[in-house]
Amino acid sequence: IASAVAFDVLPLKLYPFSQSTPTGLDCVGWKQHVAFPVIADGALDKMALADDVGSEEDLYEDFRTSTHRYGHPGGGGEQLAINELISDGSVVYAEALWDHVTMDDQELGFKAGDVIEVMDATNKEWWWGRILDSEGWFPASFVRLRVNQDEPMEDYPLKAEGGKDDDFSSGTRRFGMGQTTKDQMRTNVINEIISTERDYIKHLKDICEGYIKQCRKRADMFTEEQLKTIFGNIEDIYRCQKKFVKALEKKFNKDHPHLSEVGSCFLEYQTEFQIYSEYCNNHPNACMELSRLTKVNKYVYFFEACRLLQKMIDISLDGFLLTPVQKICKYPLQLAELLKYTNPQHRDFKDVEAALNAMKNVAQLINERKRRLENIDKIAQWQSSIEDWEGEDVLVRSSELIYSGELTKISHPQAKGQQRMFFLFDHQLVCCKKDLLRRDILYYKSRINMDDMEILDVEDGKDKDFNTSVKNAFKLHCRDTEEVHLFCAKKPEQKQRWLKAFESERRQVQLDQETGFSITEVQKKQAMLNASKQQHTGKPKAVTRPYCDFLMRQKHPTLPTALPQQQVFVLAEPKRKPSNFWQNISRLTPFRK
């Protein structure tokens, strides 16, 4: 189920109208001529961040009341630039980064990749836009301004596929010195990719040096565990992106940008980009921890002092920490647009095409890992509801429920069949028995290690090994010990579903090995601890508001009050089927002791 998401932050670089975190700029075209002292290591402690609680507030007030401004007056340079264009009669288009699903008739729904005409951008969080005959409010952070604003709307497909465009390929329009319109459009996209990468590096540097470095000097305010929670592995991302941008710049043709061959860079770094998975998975925890800390003025003033000393734009820390999440989602859209303006004869065409698929796969992998991590809490809660549990926790070896249902199990020849509930996880099959009176209570009976098993389809009739007549049966056979388990389903279709489930389990295990997916011991312990606390209270765990609610604080009375329901990491394609965890579990009566 998609989480509600809304961001109180402007996109970093919406070429050509917005700026990231440039020193001396506080909105588009407004250059600041200011002299700012260089803060040496340790100077922050001496100057303003002493141990007394009021020091951060004093520093903040000094900067706030001074003439040095690094904020976005009037809601930000992006809004100023966009509204100036709109008021001048220009048409401004934006492209959707993520789906915006809404039931509110005052809001504008769209899918990732849709093109929206921006009609009003005076509000920071919600813009007014139009798609065909529909108009409404939409979250500004769900879109990015189109690179080629002067491109005719009818020439702009909602989904770029294959990189071919009949209108452009058949056209003879020229732009500049021998460049076709398509070449100029490719130049624009290449410039945006290079420009946004440079700004992104500056942004990551500001976070690492402006915030993390100063936080580490304040051991009285932050533990290392807190810093890990707030900033995740953003320092690793910074190191990776520095190498990536150098690779891009080597491939960048300054004299003829449209001839640049950047596709190979994305292919080279596709594996390293998987480190974003850890960051995205941790981001909800970071938001919650920041929300907790910023209830104390001391931390509010400290974070603001860090921002001002680093000369960063007027966005709160939670907004800055959102940008890596946005960045990894933006790559497929940029590459799709680049592919559209790349001729099939271009030397970069095949690499860009492959890079687009690669970055879609990276985004899909991040989505999948996040979904898997969200499932571990549910698995822990399920285990805590099982009576007489024995042995290691399910999470020690497993992180996904593949399938579940009732089967008749025959353990050895002449034995009577036993009706049992089976839960197939990756690596193991757990067997439970229903309570005779309370059918909603399950008792743990045994488990089977699936890594040692092979699946054998059994024909209807008398089975020689067990000397009994069977129907809709299959066997699990251990290659090492020759141990055999016989199972019978009630219907043929149930048997087929189990056989497919066993195939899915092996595929999942192989995929996890190939992608290196794993759950940390800390995450496992935390999930079991949460389940244990819920079990002792005897009450369902309180449902918390989505982690990013506090990123958007809606105050405008005429704007939508409901937050858009959409998972931040999910792109329009490839679509995933919803997790079947609770659909499977819901076939049972809710587990209660």
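Residues numbered from 1 in each chain as written. Predicted model: local features only at pLDDT ≥ 70, side-chain atom pairs only at ≥ 80, totals over all residues. Heavy atoms only, no water.

The name an unreviewed UniProt entry gives the protein is ARHG4 factor, with Nothocercus nigrocapillus as the organism. Listed under Subcellular location (unreviewed entry) in UniProt, the entry text for the protein is "Cytoplasm". (UniProt positions renumbered as here; feature names shortened; annotations may be inferred.)

With respect to the packing of helix H7 (residues 234-251) against helix H11 (residues 317-340)
The interhelical angle for the contact between H7 and H11, taken along N-to-C directions, is 45°, at an axis separation of 12 Å. Of the possible angle classes, the one that applies to H7 and H11 is oblique. The two elements H7 and H11 meet at a crossing, and its hand is left-handed. Contacts between H7 and H11 involve Ile234, Ile237, Gln241 and Phe244 on the former and, on the latter, Leu321, Pro324 and Tyr331. Residues of the contact of H7 with H11, tallied by class, amount to six nonpolar, one polar and no charged. (Axes fitted to C-alpha atoms, helices over the stretch in contact; angles between N-to-C directions. Helix = DSSP H or I, 4+ residues; strand = E, 2+ residues; numbered from the N terminus. Parallel < 35°, antiparallel > 145°, perpendicular 65-115°, else oblique. Left-handed = near helix turned anticlockwise from the far one by under 90°. Contact = heavy atoms within 4.5 Å. Nonpolar A, V, L, I, M, F, W, Y, C, P; charged D, E, K, R; others polar.)

Topic: the pairing of strand E3 (residues 92-96)
Counting buried positions over the five residues of E3 gives five, a clear majority of the element. Across four bridges, E3 lies against strand E4 (residues 115-120) in antiparallel orientation. Each residue of the ladder has a partner; that of Tyr93, found in E4, is Glu117. (Buried < 20%, exposed > 50% of the residue type's maximum accessible area, 1.4 Å probe, protein only. Pairing = 2+ DSSP bridges.)

With respect to unusual backbone geometry
Peptide bonds are mostly trans, and most non-glycine residues show a negative phi. Even without glycine at this site, Lys311 takes up a positive phi of about 60°. When you line up the elements, Lys311 lands in the loop between helix H10 (297-309) and H11. For Lys311, a relative accessible area of 18% gives the class buried.

Side note on the sheet that holds E3
Strand order across the open sheet formed by five strands is E6-E5-E4-E3-E7, with antiparallel pairing between neighbours. Bordering the open sheet on either side are strand E6 (134-139) and strand E7 (143-145), each of which pairs with just one other strand. Between one strand axis and the next, the sheet turns by 45° as a mean value, whatever way the strands run. Pairing between E3 and E7: three bridges, direction antiparallel. Within E7, the position partnered with Ala96 by the bridge is Val143. Against the sheet, H11 touches E3 and E7, its axis set at about 40° to E7.

A closer look at the pairing of strand E17 (residues 473-478)
In terms of burial, E17 is largely enclosed, as six of its six residues are buried. When strand E14 (residues 453-458) meets E17, the two strands line up antiparallel, connected through six bridges. For Ile455, the partnering residue across the bridge sits in E17 and is Leu476. As paired elements, E17 and strand E18 (residues 484-488) share five bridges and run antiparallel to each other. In the sheet register, Ala473 faces E18, and the bridge partner there is Cys488. Counting the residues between successive antiparallel strands, the hairpin from E17 to E18 contains five residues, one of them, Glu482, with a positive phi of roughly 65°.

Looking at the pattern of salt bridges
If you walk through the whole model with that rule in mind, you get 33 salt bridges. Residue Glu400 is joined to Arg372 by a salt bridge in which the shortest nitrogen-to-oxygen separation is 3.1 Å. Within this pair, whereas Glu400 is found in the loop between helix H12 (349-384) and strand E10 (401-410), its partner Arg372 is found in helix H12, the two being separated by 28 residues in sequence. A single burial state applies to Glu400 and to Arg372, both of which are buried. (Salt bridge = Lys/Arg side-chain N within 4 Å of Asp/Glu carboxyl O.)

Describing the nonpolar core
Formed by 83 residues in total, the largest nonpolar core has its most connected members in Phe231, Phe266, Phe273 and Ile328. The residues that make up this core include at least three from each of domain 1 (75-145) and domain 2 (182-374). Apart from residues no more than four positions distant in its own chain, Phe231 is found in contact with Ile207, Tyr211, Ile212, Cys215, Tyr279, Leu317 and Leu321. Counting 22 residues, the second-largest nonpolar core is a separate cluster that includes Ile386, Met421, Phe517 and Ile519. (Core = buried A, V, L, I, M, F, W, Y, C linked by side-chain atoms within 4.5 Å. Domains from an automatic or database assignment.)

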